[in-house]
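Report on the structure
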2 protein chains.
Amino acid sequence: MAGTYRKTPQYCGDCPVRQNALFRPISLEHIQTVAKHRLGQREVPASTHLYRQGEDAAEAFTLFDGWVMLYRAVSDGRRQIVRFALPGDFLRFQPDLYGPVNHSAQTLTPATLCVFPRQNLLEMFRQNPELAMQMAWITSRDETIAHEHITSLGRRSARERIALLFLELHHRLTSRGLADDPPGLALPLKQEHIADAVGITTIHANRTLRSLREDALAVFSGGRLQLLDRPALVELTGFHPDTFTPRPLL
Amino acid sequence: MAGTYRKTPQYCGDCPVRQNALFRPISLEHIQTVAKHRLGQREVPASTHLYRQGEDAAEAFTLFDGWVMLYRAVSDGRRQIVRFALPGDFLRFQPDLYGPVNHSAQTLTPATLCVFPRQNLLEMFRQNPELAMQMAWITSRDETIAHEHITSLGRRSARERIALLFLELHHRLTSRGLADDPPGLALPLKQEHIADAVGITTIHANRTLRSLREDALAVFSGGRLQLLDRPALVELTGFHPDTFTPRPLL
DNA sequence: CGACCTCTTGAGTGAGCTCAAAAACAGTGG
DNA sequence: CCACTGTTTTTGAGCTCACTCAAGAGGTCG
C-alpha cells in the first residue's frame, strides 16, 4: 500500500468549512451561516457506506478529506461507479432531498466529513442565497464531468477511457493541491474500481493497464499512478482540462 | 414523418415563462423578475445549431417547445449525444458561464426558446435567490439523469440501453403532459440519434430495434414509438421512474 | 427522373467478455 | 518466523456482442 491517502488536511483549521470548495469564495458571514447549520464533523474508516441506494438518507455531506466512490448497482449484481468524490466535493445533493437516494456512497479511504441534516440545508440556502448559487455551480460542474464520462463510455475504447480517467483524476487532484510529491500520484483504487468506473471487466482492465505500461504511457501499481508520457496520453484522449477546471461562477 | 412534434404549447399564455419547469412553483413576483431579464422569445427551425462546442456563447435558454439534442464531438468525428432536451428544460447553464461551451446544441424540430443573456442570468439570481435554488434543483435533476446514462452505457447491453432510453423518454414526456394521443409517442429521432445516444453504431441500432420489434417489446418507426410490452421492458432494464420524477425541492 | 437521405441486410472481424487457474500479496494467529 | 486464508493481480483459451465494409431497398425532394 504505497501512498498516503490521508494527508493531514492543510486547510483544516478551527473551522474546516472555510476552505472547502463549496465555500471557498465566500465571506465570513456565509461561513457563520454554514457553521450554524452543520451537524458537525465525522470521521469514518475506509470501506464505510455513507448511504445506500434506495435509503431515505437524512444527511448531506461535504467531504473534507479522503476519497469516496458513488456507484449504482445494476440488477445482475454488476455495478457502475458514477463519480469519484475528492476532498472538497459535496455528496447527496439531489432533486428530491426528501426522497430515496439514487446511488450508494462508500469510502475508499478513511474520510472526514462535514454533516448537514437535510432540513438545515434548505434553511441554510434560504438564509444565505449565495450558497444556493454555489450549489448550483457545484452541481453544474459535476454534471459537466458526468457528460465527459458519458462521452467516454459511449465513444471511446477501453484504453482511451482509462487514459482519460487517469488524466482527469490527475487534474482534479493537482488543481486542488491534493497531489503528493513522490513520483506519481496516490490513487486509493483497486483495478476493480477502475474497471467499474470505465465500464469494463476487471480482467480487461488488467490487460489494458498492462498495455499502457508496455507502451510506456502510464503505470498504475500498488495504488500509485505515474503518467510516463503525458503528451501522448493527451493526444490519445483529446483531454482538455477546461472541462474540469473549477472557475468561480461570480 | 408521422407525428406532430410541434403541438401548440398549451402552457404558453401571455407570459410563456410562467409554466416552465424552471419557474413552475414560483410566485408572481418571481415571474416578474424573470420577465424583466429575459431577452425575448425566439423561434428557430429544425436542425439549427443553438451553439457549438468551444464557442463563447453569450446566451442561455429555456426551451419552450420542440426537441434539442446536446452532444459532444470526439476527435475521430464520432459524436455522443449527452442529453435530449425537452420542453421545459434549461440549456447552457454551466460552471463557467463566461467560458467556452463544452458541448453543442442542435434542434431536432422547430423550437421556441426563451433567451437570457448570461449577465442577466446572474443578476436575476442575485435579485431572486429562489431562482438560484430552482436552478440548483434543475441541474441536480439533469445530473441524476446523466448518472443513469453512465450506468446504462457502462453496464448494459445495446438492447437494454435502447429499451431504457425509450422508457426514459416516454416517462419524461408523459410526466410533463407532452405525449400525444395516437398509438405510441412521437419521437423526432432518426436511428442515428438513438445510436449516438446509447453509444452504438447506427447499423447495430437498426439490428437491435429489429430484435425489439420481433420480440414484440417496442416498435420505433417513422418517428413514432410504441411500447408494446411495457412490463417486459421494465423487467429488462430495471427502470425505476423515481429517477426521473421531478418533485419540488421546496 | 435522378440525387440524396435513411433504413435494412449480409459477411467477416475484433474488442472485450467468460471461464478457469495460477501467482503475488496482504493479514492473522500460532 | 511461518503456515494459513482471503484478496488482488496476472495470464491463457475460447466465445460473443458489437463493429466494419459493402451493397441494396425505400422514401423524399427538387
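Please refer to the structure placed before this passage.
This report concerns the structure included in the present document. Everything quoted here is computed from the prediction, not taken from an experiment.

Digging into the sheet that holds strand 5 (residues 79-85) of chain A
Residues and elements named next belong to chain A. Within the open sheet, the four strands sit side by side as 2-7-4-5. Their pairing is antiparallel. Of all the strands in the sheet, just strand 2 (49-51) and strand 5 have a single pairing partner and so form its edges. Each strand of the sheet is rotated relative to its neighbour by a mean of 30 degrees, with strand direction disregarded. The pairing of strand 4 (residues 68-73) with strand 5 spans six bridges and is antiparallel. What sits directly across from Arg72, in strand 5, is Gln80.

Things to note about the protein's contact with DNA strand D
Taken together, 15 residues lie near DNA strand D, and A:Gln191, A:Asn206, B:Ala158, B:Thr201 and B:His204 sit nearest. Backbone atoms, meaning sugar plus phosphate, form 72% of the atoms of DNA strand D positioned within 4 Å of the protein. A distance of 2.4 Å separates a phosphate oxygen of DNA strand D from a polar side-chain atom of A:Gln191. Contacts to DNA strand D include B:His204, whose side-chain N or O atom sits 3.4 Å from a sugar or linking oxygen. Every element with two or more residues in the surface near DNA strand D is listed here: helix 6 (202-214) of chain A together with helix 6 (202-214) of chain B. Looking at which element gives the most residues to the surface near DNA strand D, the answer is helix 6 of chain A, with five residues. Broken down by class, the residue content of the surface near DNA strand D amounts to four nonpolar, six polar and five charged.

A word on the pairing of strand 8 (residues 111-117) of chain A
Residue and element names in this part refer to chain A. Counting buried residues in strand 8 gives seven out of seven residues, a clear majority hidden from the surface. As paired elements, strand 1 (residues 40-44) and strand 8 share five bridges and run antiparallel to each other. Bridge assignment links Gln41 to a residue of strand 8, and that residue is Cys114. Of the pairings in the sheet, the one linking strand 3 (residues 59-65) to strand 8 comprises six bridges and is antiparallel in character. Within strand 8, the position partnered with Thr62 by the bridge is Cys114.

Scoring rules and cut-offs
Residues numbered from 1 in each chain as written. Chains lettered and ligands numbered in written order. Predicted model: local features only at pLDDT ≥ 70, side-chain atom pairs only at ≥ 80, totals over all residues. Heavy atoms only, no water. Pairing = 2+ DSSP bridges. Helix = DSSP H or I, 4+ residues; strand = E, 2+ residues; numbered from the N terminus. Axes fitted to C-alpha atoms, helices over the stretch in contact; angles between N-to-C directions. Near = heavy atom within 4 Å. Polar contact = N/O pair within 3.5 Å; in protein donor to acceptor, adjacent residues only side chain to side chain. Nonpolar A, V, L, I, M, F, W, Y, C, P; charged D, E, K, R; others polar. Buried < 20%, exposed > 50% of the residue type's maximum accessible area, 1.4 Å probe, protein only.

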